Amino acid sequence: MTVDLEKILRPIETPLIKFPAKYMTLANGQEMVIRQVEREDIPDILPHIEPLIHCERDFYNVVAARLYAELLAYYSYRVQDEYVLIAQIDGELAAIVNGRIVSPEIGMSYHTFSLRRGLRVGAHAFATKMEYHMDILKQKEVLIVAESGIGFRRWMIEYKLEKRFDIPHELGGCPSWSLTKELFERARATLVVGRRPVPEHLMAKAKAGILAPSDPPKAPEDLLAATRSMLDSTGTSLIEMKKKLGAK
Ligand SMILES: CC(C)(COP(=O)(O)OP(=O)(O)OC[C@H]1O[C@@H](n2cnc3c(N)ncnc32)[C@H](O)[C@@H]1OP(=O)(O)O)[C@@H](O)C(=O)NCCC(=O)NCCS
């Protein structure tokens, strides 16, 4: 008897309502489209994440490595009920957010990844992901963690998330925080922005191709900045790293 192993390994997907695309005007006047992407789009996204696996700043390296794996798992049917949304400015990839559905009522937020700094594109993309869980999928709560201090400020502080430390998050088993429906409603007026429908010319530009970010995050010139971002104010890791590299 032959066994179709793929049928066993590949999870059966829960049919989910698709995210209706939206757009918003950024602080610099540019317009950003946020839309859902499908499996066939993933190969066009991965090359823009890969270089940041080596970017030792603001935890881009850890998040890029994890996000790359999550998108690859989605592409190869090795994760249950994942979705991926992307933000584009003039076609350029500006942010990626992803997550999954644990049950009809509970969502699991995976990552928020900004490829254009200083415009709150990550903050807007995160708010949009929460809108997807709450307004479109009608969930009651979303479990969240942050890898970076910036992420902590953006999610835990800005949304006043509740602790759910008894629940290990899927990202490394770290203690979870929760965005409840009530917290989302409180944040809606100030943090959730955007309009629908997306004008045809903006949508056409976005769908024409996922273009490379023209000003992606860069590793710091001075490695000390990297150690600071790892909360090592003494610079010990820089000294150790220099020793290893044979520098005087
Ligand atoms: C967390 C994250 C999504 C937030 O994205 P964002 O809302 O677009 O915000 P930015 O990262 O551009 O900026 C965050 C802060 O750093 C400052 N900043 C850092 N580098 C900057 C740069 N090169 N240019 C401009 N501002 C910069 C900004 O002024 C901003 O300050 P503020 O909080 O006072 O507004 C983004 O920093 C990111 O992708 N980080 C790496 C991955 C990560 O940690 N993800 C979250 C864990 S799930």
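Note: the structure precedes this text.
Before going into details, it helps to say that this report is about the structure given with it. (Residues numbered from 1 in each chain as written. Predicted model: local features only at pLDDT ≥ 70, side-chain atom pairs only at ≥ 80, totals over all residues.)

Focus on helix H3 (residues 60-75)
Link 1 in the chain: Compared with the 22 Å implied by 1.5 Å per residue over 16 residues, the 22 Å span of H3 between its first and last C-alpha is a close match.
Link 2 in the chain: All of the buried residues in H3 are Tyr-60, Val-63, Ala-64, Leu-67, Glu-70, Leu-71 and Tyr-74. Looking straight down H3, one finds its buried side chains confined to an arc of 130°; they lie on one side.
Link 3 in the chain: Buried positions along H3 lie against helix H2 (42-49), strand S3 (82-89), strand S4 (92-101) and strand S5 (106-114).
Link 4 in the chain: One or two positions beyond H3, positive phi appears at Tyr-77, with a value near 55°. (Helix = DSSP H or I, 4+ residues; strand = E, 2+ residues; numbered from the N terminus. Expected span 1.5 Å × (residues − 1). Buried ≥ 20, exposed ≤ 12 C-beta atoms within 10 Å, placed from the backbone. Arc of directions from axis to C-beta. Contact = placed C-beta atoms within 7 Å.)

A few points about the site of the ligand
Link 1 in the chain: Near the ligand you find 21 residues, and of these Arg-117, Gly-118, Gly-122, Ser-148 and Gly-151 are the closest.
Link 2 in the chain: Those elements that provide at least two residues to the shell around the ligand are H3, S5, helix H4 (121-136) and helix H5 (149-157).
Link 3 in the chain: When grouped by side-chain class, the residues that make up the shell around the ligand number eight nonpolar, seven polar and six charged. (Near = placed C-beta within 6 Å. Nonpolar A, V, L, I, M, F, W, Y, C, P; charged D, E, K, R; others polar.)

A look at the sheet that holds strand S6 (residues 141-144)
Link 1 in the chain: Read from one edge of the open sheet, eight strands run S1-S2-S3-S4-S5-S6-S8-S7, paired in mixed fashion. Lying at the two open borders of the sheet, with one neighbouring strand each, are strand S1 (22-25) and strand S7 (162-168). Within this sheet the neighbouring strands show an average axis-to-axis angle of 30°, counted without direction.
Link 2 in the chain: Packing against the sheet, H3 makes contact with S3, S4 and S5, and its axis sits at approximately 125° to S5. (Pairing = 2+ DSSP bridges. Axes fitted to C-alpha atoms, helices over the stretch in contact; angles between N-to-C directions.)

Digging into the nonpolar core
Link 1 in the chain: Leu-85 and Ala-95 are the most contacted members of the largest nonpolar core, which has 51 residues in total.
Link 2 in the chain: For this core, the secondary-structure elements that each account for two or more residues are strand S2 (31-37), H3, S3, S4, S5, H4, S6 and strand S8 (175-180).
Link 3 in the chain: No other element matches H4, which puts seven residues into this core.
Link 4 in the chain: Ignoring sequence-local partners within four residues, the contact set of Leu-85 consists of Phe-19, Ile-34, Arg-35, Gln-36, Val-97, Ala-125, Thr-128, Lys-129 and Tyr-132. (Core = buried A, V, L, I, M, F, W, Y, C linked by C-beta atoms within 7 Å.)

Quick notes on the pairing of S1
Link 1 in the chain: With four bridges joining them, S1 and S2 adopt antiparallel strand pairing. Paired with Lys-22 across the strands is Ile-34, a residue of S2.
Link 2 in the chain: Hairpin connection, S1 to S2: the antiparallel pair is bridged by five residues, and Gly-29 has positive phi, about 95°.

Description of the pairing of S4
Link 1 in the chain: Most of S4 sits inside the fold, with nine of its 10 residues counted as buried.
Link 2 in the chain: Bridge analysis of S3 against S4 gives eight bridges, and the strand direction is antiparallel. Paired with Val-84 across the bridge in S4 is Asn-98.
Link 3 in the chain: Taking the residues that link successive antiparallel strands as the turn, the S3-S4 hairpin has two residues, and the phi of Asp-90 there is positive, at about 50°.

Describing the environment of Ile-96
Link 1 in the chain: Mapped onto the elements of the fold, Ile-96 is located in strand S4.
Link 2 in the chain: The spatial distance from the C-alpha of Ile-96 to the C-alpha of Glu-31 is 16 Å, given a sequence separation of 65 residues.

Description of unusual backbone geometry
Link 1 in the chain: A cis amide bond, omega -5°, links Arg-196 with the succeeding residue Pro-197.
Link 2 in the chain: As for its placement among the helices and strands, Pro-197 is situated in the loop between helix H6 (181-191) and helix H7 (200-208).
Link 3 in the chain: Backbone geometry places Phe-59, a non-glycine residue, at a positive phi of 65°.
Link 4 in the chain: The phi dihedral of Lys-138 is positive, around 55°, even though this residue is not glycine.
Link 5 in the chain: Its place among the elements puts Lys-138 in the loop between H4 and S6.

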